[in-house]
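Analysis of the macromolecular model
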Amino acid sequence: MFTVIASMFIGVLTGYLFRNVEFLQRISASISWTIFLLLFLLGISVGSNRMIIQNLSSLGQEAFLLAFAGTLGSILAAWFVYRIFFKAGAKP
C-alpha cells in the first residue's frame, strides 16, 4: 500500500517539476484511455472470479459503504481545503 501511495506522490512531484514540458501536456487523452483499459481489465478479472460473483450481494453492500464513506470524506476534505485556501477574500 505504501508503495502505491509513494508512487503516486513521486508522480505528482515529477509532474510538477516537468509541468512546462510540451510532451507531458499532450498525453492527457492517452492517460484517460489507459485508465479505461485498466478498469476494463479489472472488470474482466472480477467477472472471471467465481468467489466474487457468488458473494456479490454481501460484497456490494460493503463496497457501497466504503464508496459512500470515501466520497463523504473527500467532500469534507475538499470543503476544508476550500475554506482554508480558496475562500474569496482570504489572505494568502
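Rules used in this analysis
Counting starts from 1 at the beginning of each chain's written sequence and moves along it residue by residue. pLDDT decides what is reported in this predicted model: residues at 70 or higher carry local features, side-chain atom pairs at 80 or more are listed and counted, and totals for whole chains, interfaces and linings draw on all residues regardless. Working from all heavy atoms in the structure, the side-chain values ignore hydrogens and water. Here a Phe, Tyr or Trp ring, Trp counted by its six-membered ring, pairs with any other such ring whose centre lies within 6.5 Å, and the pair is stacked when the planes are under 30 degrees apart, edge-to-face when over 60, and tilted otherwise. Helix and strand assignments follow DSSP, with helices taken as H or I runs no shorter than four residues and strands as E runs no shorter than two, numbered in order from the N terminus. Only protein chains enter the accessibility calculation, which uses a 1.4 Å probe; a residue whose area is less than 20% of its type maximum is buried, one above 50% is exposed, and one in between is partly exposed. On a scale of 0 to 100, pLDDT captures the predictor's confidence in every residue. Exposure above 30% relative accessible area and the absence of a salt bridge qualify a residue for a patch, where like charges join within 9 Å and nonpolar side chains (Val, Leu, Ile, Met, Phe, Trp, Tyr) within 5 Å. A 1.4 Å probe and the Shrake-Rupley method give the accessible areas. Residues count as covered only by the protein chains that appear here. Salt-bridge detection follows one rule: a side-chain nitrogen of Lys or Arg within 4 Å of a carboxyl oxygen of Asp or Glu.

1. Description of the packing of aromatic side chains
This structure, assessed with the given rule, holds 2 aromatic pairs. Centroid distance Phe-64 to Phe-68: 6.3 Å. Interplanar angle 20°. Geometry classified as stacked. Of the two residues, Phe-64 and Phe-68 are both situated in helix H5 (residues 56-86); the distance of 4 residues between them amounts to about one turn of the helix. Just as Phe-64 is exposed, Phe-68 falls in that class too.

2. Description of the confidence of the model for the chain
Any segment with low pLDDT has predicted coordinates that should not be analysed in fine detail. Across the chain, the average pLDDT comes to 87, with 95% of residues at 70 or higher. Taking the mean pLDDT of every element in the chain, the minimum, 77, falls on helix H2 (residues 22-26) and the maximum, 91, on helix H1 (residues 2-17).

3. Let's talk about the environment of Asn-20
Checked against the element boundaries, Asn-20 lands in the loop between H1 and H2. In this structure Asn-20 comes out as exposed when scored by relative accessible area, which is 68%. Sequence-wise, Asn-20 and Ser-74 are 54 residues apart; in three dimensions their C-alpha atoms are separated by 29 Å.

4. Overview of a nonpolar patch on the surface
On the surface, a nonpolar cluster with roughly 730 Å² of combined accessible area is contributed by Leu-13, Tyr-16, Leu-17, Phe-18, Val-21, Phe-23 and Leu-24. Of all elements in the fold, only H1 and H2 reach the threshold of two or more residues within the nonpolar patch. Ranked by residues supplied to the nonpolar patch, first place goes to H1 with 3 residues. Its place among the elements puts Phe-18 in the loop between H1 and H2.

5. Quick notes on the environment of Phe-9
With respect to the helices and strands, Phe-9 occurs in helix H1. Since its relative accessible area comes to 54%, Phe-9 is described here as exposed. Between the C-alpha atom of Phe-9 and that of Arg-19, which follows or precedes it by 10 residues, the distance is 15 Å.

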